[in-house]
Amino acid sequence: MKSTCFGVLATVAGLCSAPVAAQDAGPASISANRPDALHKILVSAGYDAELIADREPGDGAVISINVEGGESFILLSDCDEAVPDACDTLVLSSAWDRDTPMSPERVAAANREFRYVSVWLDDDGDPYAQWAIVTRLAGIPAPVFLNTLQRYLRVVDDLADFVFEDDEVPGEANADNVEEG
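Attention in this report is confined to the structure presented alongside it. Per chain, the residues get numbers from 1 upward, laid out in the order the sequence is written. Totals for whole chains, interfaces and linings use all residues, but because this is a predicted model, local features are given only for residues with pLDDT of at least 70 and pairs of side-chain atoms are given and counted only at 80 or more. To get the side-chain values, take all heavy atoms of the structure and skip hydrogens and water.

Here we look at the pattern of salt bridges
No. 1: Criterion for a salt bridge: a side-chain nitrogen of Lys or Arg within 4 Å of a carboxyl oxygen of Asp or Glu. Scanning the model with the defined rule gives four salt bridges in all.
No. 2: In this structure, Asp 88 engages Arg 136 in a salt bridge whose closest nitrogen and oxygen atoms are separated by 3.4 Å. Linking Asp 88 in strand E5 (residues 83-95) with Arg 136 in the loop between strand E7 (127-134) and strand E8 (140-141), this pair joins segments that are 48 residues apart in sequence.
No. 3: Put simply, Asp 166 and Arg 98 hold a salt bridge, and the shortest N to O gap is 2.8 Å. Within this pair, whereas Asp 166 is found in the segment after helix H4 (142-164), its partner Arg 98 is found in the loop between E5 and helix H3 (104-113), the two being separated by 68 residues in sequence.
No. 4: The cut-offs for exposure are 20% and 50% of the maximum accessible area for each residue type, with area from a 1.4 Å probe on protein chains only; residues under the lower value are buried, those over the upper are exposed, and the others partly exposed. Classification of Asp 166 as partly exposed rests on a relative accessible area of 33%.
No. 5: By relative accessible area, which is 6% here, Arg 98 ends up buried.
No. 6: Sharing partners across several salt bridges, the network here consists of Arg 98, Arg 106, Glu 165 and Asp 166. Here a helix means four or more residues in a row that DSSP labels H or I, a strand means two or more in a row labelled E, and each is numbered from the N terminus.

Examining the packing of aromatic side chains
No. 1: Any two of the Phe, Tyr and Trp rings considered here, Trp counted by its six-membered ring, make a pair once their centres fall within 6.5 Å; the pair's planes then place it as stacked at under 30 degrees, edge-to-face at over 60, or tilted in between. Applying the stated rule across the entire model yields four aromatic pairs.
No. 2: Summarising the aromatic geometry, the rings of Phe 114 and Phe 162 are spaced 5.5 Å apart at their centres and angled 75° between planes, so their arrangement reads as edge-to-face. Of this pair, Phe 114 sits in the loop between H3 and strand E6 (118-121) while Phe 162 sits in helix H4; the two residues are 48 residues apart in sequence, bridging distant segments of the chain.
No. 3: The interplanar angle of 15° and the centroid separation of 4.7 Å between the aromatic rings of Trp 120 and Tyr 128 together place this pair among those described as stacked.
No. 4: According to the relative accessible area criterion, Trp 120 is partly exposed, its value standing at 34%.
No. 5: Overall, the relative accessible area of 26% leaves Tyr 128 in the partly exposed class.
No. 6: Following the ring pairs from residue to residue traces out a cluster consisting of Tyr 116, Trp 131 and Tyr 152.

Some remarks on unusual backbone geometry
No. 1: Phi is positive for Tyr 116, close to 80°, though the residue is something other than glycine.
No. 2: Positionally, Tyr 116 belongs in the loop between H3 and E6.

Purely geometric numbers; function is a separate question.
What follows is the structure, given as structure tokens:
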């Protein structure tokens, strides 16, 4: 009986110590209310990431990620104004600056073609893509977040081609067809 109790206690003790060991490798979960931990995981995963904490009062922190295709952002969102560090959502966000405004029909086509991202236009007709991830205060596992980020960045890379496919400056489209006289 004593050896059975000892075996159970040893097993329970081992289970209880596992999270402590995992913490040494970095945060085990990602939450919108822990921008420093999120930044640490991104850097540990090899991303060129910068934490931008000095923002307007009431705005959550932002993390900039530089990748081969350009710059994307992680916005900490759905923050409680009374408790600035209590945010519930991470918003992956990317934007493009086109020469001509993108048409609403093209935005609708992008939203049909690219699952999970939401494409919308700013006041100048430039497209933005966003993908929201609800983390609540408890967070989500870091590997799940990193997988989601990789997937988002692949979608954004494909979306960039789509965004500029019909972008042309008026008058330039036929410049090659003009014969010199």
